[in-house]
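# Fold and geometry: a report
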Amino acid sequence: MAIKSRHPETLALHAGWRADESTGAVAVPIYQTTSYQFKSPEHAANLFALKEFGNIYTRIMNPTNAVLEERLAAIEGGVGALTVGSGQAASAFSIQNLARAGDNIVSSTDLYGGTWNLFANTLKDQGIEVRFVDPADPENFRRATDDKTRAYYAETLPNPKLTVFPIAEVAAIGRPLGIPLIVDNTAAPLLARPFDHGAAIVVYSTTKYIGGHGTSIGGVIIDGGNFDWAANPARQPLLNTPDNSYHGAIWTEAVKPLGPIAYIIRARVVLLRDLGAPLAPFNAFQIIQGLETLPLRIAQHCRNAEAVAKFLSERPEVTKVIHPSFATGAAKARAEKYLTGNGGLVGFELAGGREAGAKFIGALQLFYHVANIGDARSLAIHPASTTHSQLSAEDQIATGVSEGYVRLSVGLEHIEDILEDLAQALSA
Ligand code: PLP
């Protein structure tokens, strides 16, 4: 039996798993299997008809992944989770589970570049319109809403803008309208708890801080179980009208006896079944290893990043430091309201613009120059020419990426070594 606790430090080690019943193994086994022996033809038929829950095929579920799902749901305070092959798949599925061609969602402009591309181009090509709004005024979400709006979307601590999103304010606009807020909490695991502020769904790229060691791409969708999908059926047709692929099942009714899990069940048995993109069990194992030490690591990422932000603010080459501790006005109030720590990301601008940025990155020795965040190692990148390069100049500015912006993902090395590398690269 798994240990119950309300503390993330304990849940990260114990939720969802105690020991293997047949061997006593304590570490979560890697169930590297595609399929599962059915007990009888009747058992097989019941599983396929969802009359009984159990393992069918690893595209849809896997026991290693199930431990990670239960653990993440417990830590986040949700009722269920679905792991997928990447953070991108988590973002895409979180929307495709509610919106289809002809529908729209309203999204914050402050997004990771890959999410921006998904929204502005690929979802658009699929007939799902994404209406981008500036989250500085939460009312912008209401203004962009119409009868076809199925969800609101935002990043808690947007990569790389780092201006904290007004979660409660926007969730409160959506709830009476039957519109859930989906929050990408990738840059702030354990530091922000979106469900406590009214978000309905949380997504993560587990590739980042949760895995934490730069080894495995993965993503997860977590259902808060706190949203009444049936209250306004016309608003959420995919969960409230018969699903032809399950003999006319209406998801909000079909799974009612099991709890408030209509959203996350549909994501698994419809989207994962049809579109694929499961998390590989080996990656789930690696991500579980990372998750076990996340509470310790994230605190140290925060401490080191805080010191880096302060150091950069005192350097003459730096014109601006982007970090929640440097926010002012409403942005400062939001950082204080929603975060218990400021995270491991620090942005800054150099007086010499793009050229100075390229020179700085080229001179780094300890920091890796890579397209990732949330690794135990320190990382740096110039978003305008890489992660956000496919955006127009205007869209880059909307996402917080100026020509001279350099993004650091501050790692767990000793702070003296981190600052020494930054100092020599700034002077190069
Ligand atoms: N969300 C955020 C905030 C990210 O920073 C990223 C990747 O950088 C993603 C989602 C996509 O995650 P993945 O690379 O695991 O697909």
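Residues numbered from 1 in each chain as written. Predicted model: local features only at pLDDT ≥ 70, side-chain atom pairs only at ≥ 80, totals over all residues. Heavy atoms only, no water.

### Some thoughts on the sheet that holds strand 8 (residues 318-322)
Our working rule: For two strands to pair, DSSP has to find at least two bridges joining them. Starting at the N terminus, helices and strands are each numbered in turn, a helix being any DSSP run of H or I of at least four residues and a strand any DSSP run of E of at least two.
In space, the five strands of this open sheet follow the order 8-9-12-11-10, with mixed pairing throughout. Either end of the sheet is taken by a strand with one partner, and the two such strands are strand 8 and strand 10 (368-369). Two elements, strand 11 (residues 379-381) and strand 12 (residues 405-409), share three bridges in a ladder whose sense is antiparallel. Residue Ala380 lies in a different strand from strand 12, and its bridge partner there is Leu408.

### Structural notes on the nonpolar core
The criterion, for reference: What we call a nonpolar core is a set of buried Ala, Val, Leu, Ile, Met, Phe, Trp, Tyr and Cys residues that are connected through their side-chain atoms within 4.5 Å. Categorising residues by exposure relies on relative accessible area from a 1.4 Å probe, with only protein chains included: less than 20% of the type maximum marks a residue as buried, more than 50% marks it as exposed, and the intermediate range marks it as partly exposed. Residue ranges assigned to the domains are those given by an automatic or database domain assignment. Whether two residues are in contact is decided by their heavy atoms, any of which lying within 4.5 Å being enough.
Of all hydrophobic cores here, the largest spans 55 residues; its most connected members are Leu68, Tyr152, Leu181 and Ile222. Sort the elements by how many residues they give to this core and helix 3 (residues 63-76) lands first, with five residues. The residues that make up this core include at least three from each of domain 1 (55-289) and domain 2 (293-427). Apart from the residues lying within four places of it in its own chain, the contact partners of Ile222 are Leu72, Ala73, Glu76, Gly78, Gly80, Ala81, Phe195, Ala200, Ile201, Val202 and Tyr204. Ranked by size, the runner-up nonpolar core spans 42 residues in total, among them Trp116, Val203, Ala262 and Ala267.

### Notes on the site of the ligand
We count it as follows: Here, proximity means that at least one heavy atom of the residue falls within 4 Å of the molecule or strand. We call two N or O atoms a polar contact when they sit within 3.5 Å, provided that within protein one can donate a hydrogen and the other can accept it, with sequence-adjacent residues counted only if both atoms are side-chain atoms. Using a 1.4 Å probe, the Shrake-Rupley method yields the accessible areas, and only the shown protein chains count as cover for residues. Residue polarity follows a fixed list, in which Ala, Val, Leu, Ile, Met, Phe, Trp, Tyr, Cys and Pro are nonpolar, Asp, Glu, Lys and Arg are charged, and the others, Gly among them, are polar.
Asn159, Asp184, Ser205, Thr207 and Lys208 are the nearest of the 13 residues found near the ligand. Within the side chain of Asn159, an N or O atom sits 2.8 Å from an oxygen atom of the ligand. In the environment of the ligand, a nitrogen atom lies 2.7 Å from a nitrogen or oxygen atom belonging to the side chain of Asp184. Relative to its free-state accessible area of 390 Å², the ligand is covered by the protein chains to the extent of 92%. Its residues placed into classes, the shell around the ligand shows two nonpolar, eight polar and three charged.

### With respect to the domain arrangement of the protein
Short version of the rule: Summed over both partners, the accessible area lost on bringing two parts together, with a 1.4 Å probe, is the buried area. Here, a salt bridge means any Lys or Arg side-chain nitrogen found within 4 Å of an Asp or Glu carboxyl oxygen.
Domains assigned within the protein are domain 1 (55-289) and domain 2 (293-427). If you average the C-alpha positions of domain 1 and of domain 2, the two centres end up 27 Å apart. For the pair domain 1 and domain 2, the summed buried surface comes to about 3,300 Å²; carbon and sulfur atoms form 62% of the total. Among the salt bridges present, the one from Glu169 reaches Lys337, with a minimum N-O distance of 3.5 Å. Linking domain 1 with domain 2 are 17 residue pairs in polar contact (both at pLDDT 80 or more), by the criterion used here. At the level of secondary structure, the elements contributing two or more residues to the side of domain 1 that touches domain 2 comprise helix 5 (113-125) and helix 7 (167-174). Here the side of domain 1 that touches domain 2 gets four residues from one element, more than from any other, and that element is helix 5. Here the side of domain 1 that touches domain 2 is composed, by residue class, of 22 nonpolar, 14 polar and four charged.

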